[in-house]
Amino acid sequence: MSEQIEKRYTDKEFCEMYGIDRRTSRRWREKRLIAYIKTPLGQIRYLQRHIDAFEKRHEKKAAA
(Lines give C-alpha, C1' and ligand atoms only; values in the text may rest on other atoms or scores of the structure.)
Protein backbone atom coordinates (compact mmCIF):
# COMPACT_ATOMS: atom_id res chain seq x y z
CA MET A 1 0.00 0.00 0.00
CA SER A 2 1.50 3.34 -0.97
CA GLU A 3 1.31 6.31 1.36
CA GLN A 4 0.80 9.75 -0.06
CA ILE A 5 3.38 12.29 0.99
CA GLU A 6 1.82 15.32 2.62
CA LYS A 7 2.68 18.71 1.14
CA ARG A 8 5.11 20.74 3.26
CA TYR A 9 5.49 24.50 3.04
CA THR A 10 8.51 26.55 4.00
CA ASP A 11 8.12 29.55 6.28
CA LYS A 12 8.58 31.79 3.23
CA GLU A 13 5.83 29.98 1.30
CA PHE A 14 3.48 30.15 4.30
CA CYS A 15 4.09 33.88 4.67
CA GLU A 16 3.42 34.45 0.98
CA MET A 17 0.15 32.47 1.21
CA TYR A 18 -1.15 34.76 3.96
CA GLY A 19 0.52 38.02 2.96
CA ILE A 20 2.41 38.29 6.26
CA ASP A 21 6.04 38.84 7.13
CA ARG A 22 8.24 36.31 8.85
CA ARG A 23 8.05 38.10 12.20
CA THR A 24 4.31 37.55 12.16
CA SER A 25 4.68 33.84 11.41
CA ARG A 26 7.18 33.57 14.27
CA ARG A 27 4.69 35.29 16.62
CA TRP A 28 1.94 32.92 15.51
CA ARG A 29 4.21 29.94 16.24
CA GLU A 30 5.15 31.34 19.64
CA LYS A 31 1.45 31.86 20.47
CA ARG A 32 0.76 28.32 19.18
CA LEU A 33 -1.75 29.57 16.62
CA ILE A 34 -0.21 27.39 13.90
CA ALA A 35 1.44 23.99 14.30
CA TYR A 36 4.76 23.35 12.57
CA ILE A 37 7.70 21.01 12.47
CA LYS A 38 11.37 21.82 12.66
CA THR A 39 13.78 19.91 10.44
CA PRO A 40 17.05 18.53 11.86
CA LEU A 41 18.74 21.61 10.38
CA GLY A 42 16.34 23.92 12.24
CA GLN A 43 14.20 24.91 9.27
CA ILE A 44 10.46 25.51 9.79
CA ARG A 45 7.93 23.47 7.80
CA TYR A 46 4.15 23.63 7.85
CA LEU A 47 2.28 20.49 6.85
CA GLN A 48 -0.92 20.82 4.86
CA ARG A 49 -2.89 19.49 7.84
CA HIS A 50 -1.42 22.24 10.04
CA ILE A 51 -2.64 24.86 7.60
CA ASP A 52 -6.06 23.22 7.25
CA ALA A 53 -6.50 23.15 11.05
CA PHE A 54 -5.35 26.78 11.32
CA GLU A 55 -7.88 27.89 8.70
CA LYS A 56 -10.68 25.86 10.27
CA ARG A 57 -10.10 27.44 13.71
CA HIS A 58 -10.06 30.93 12.26
CA GLU A 59 -13.19 30.35 10.15
CA LYS A 60 -15.06 29.47 13.36
CA LYS A 61 -13.86 32.65 15.08
CA ALA A 62 -14.83 34.81 12.09
CA ALA A 63 -18.31 33.28 11.98
CA ALA A 64 -18.93 33.93 15.68
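A few points on the structure. A quick note: this is a predicted structure, and the numbers were derived from the prediction, not measured. (Residues numbered from 1 in each chain as written. Predicted model: local features only at pLDDT ≥ 70, side-chain atom pairs only at ≥ 80, totals over all residues. Heavy atoms only, no water.)

1. Points about the sheet that holds strand β1 (residues 8–10)
And then number 1: Here three strands make up an open sheet; going across it, the order is β1-β3-β2 and the pairing antiparallel. Each edge of the sheet is formed by a strand with only one pairing partner; in this case those strands are β1 and β2 (37–38).
And then number 2: Here β2 runs beside strand β3 (residues 44–47); their pairing, made up of two bridges, is antiparallel. Considered in β3, the bridge of I37 is made with R45.
And then number 3: Lying over the sheet, helix α1 (residues 11–18) contacts β1 and β3, oriented at roughly 85° with respect to β1. (Pairing = 2+ DSSP bridges. Helix = DSSP H or I, 4+ residues; strand = E, 2+ residues; numbered from the N terminus. Contact = heavy atoms within 4.5 Å. Axes fitted to C-alpha atoms, helices over the stretch in contact; angles between N-to-C directions.)

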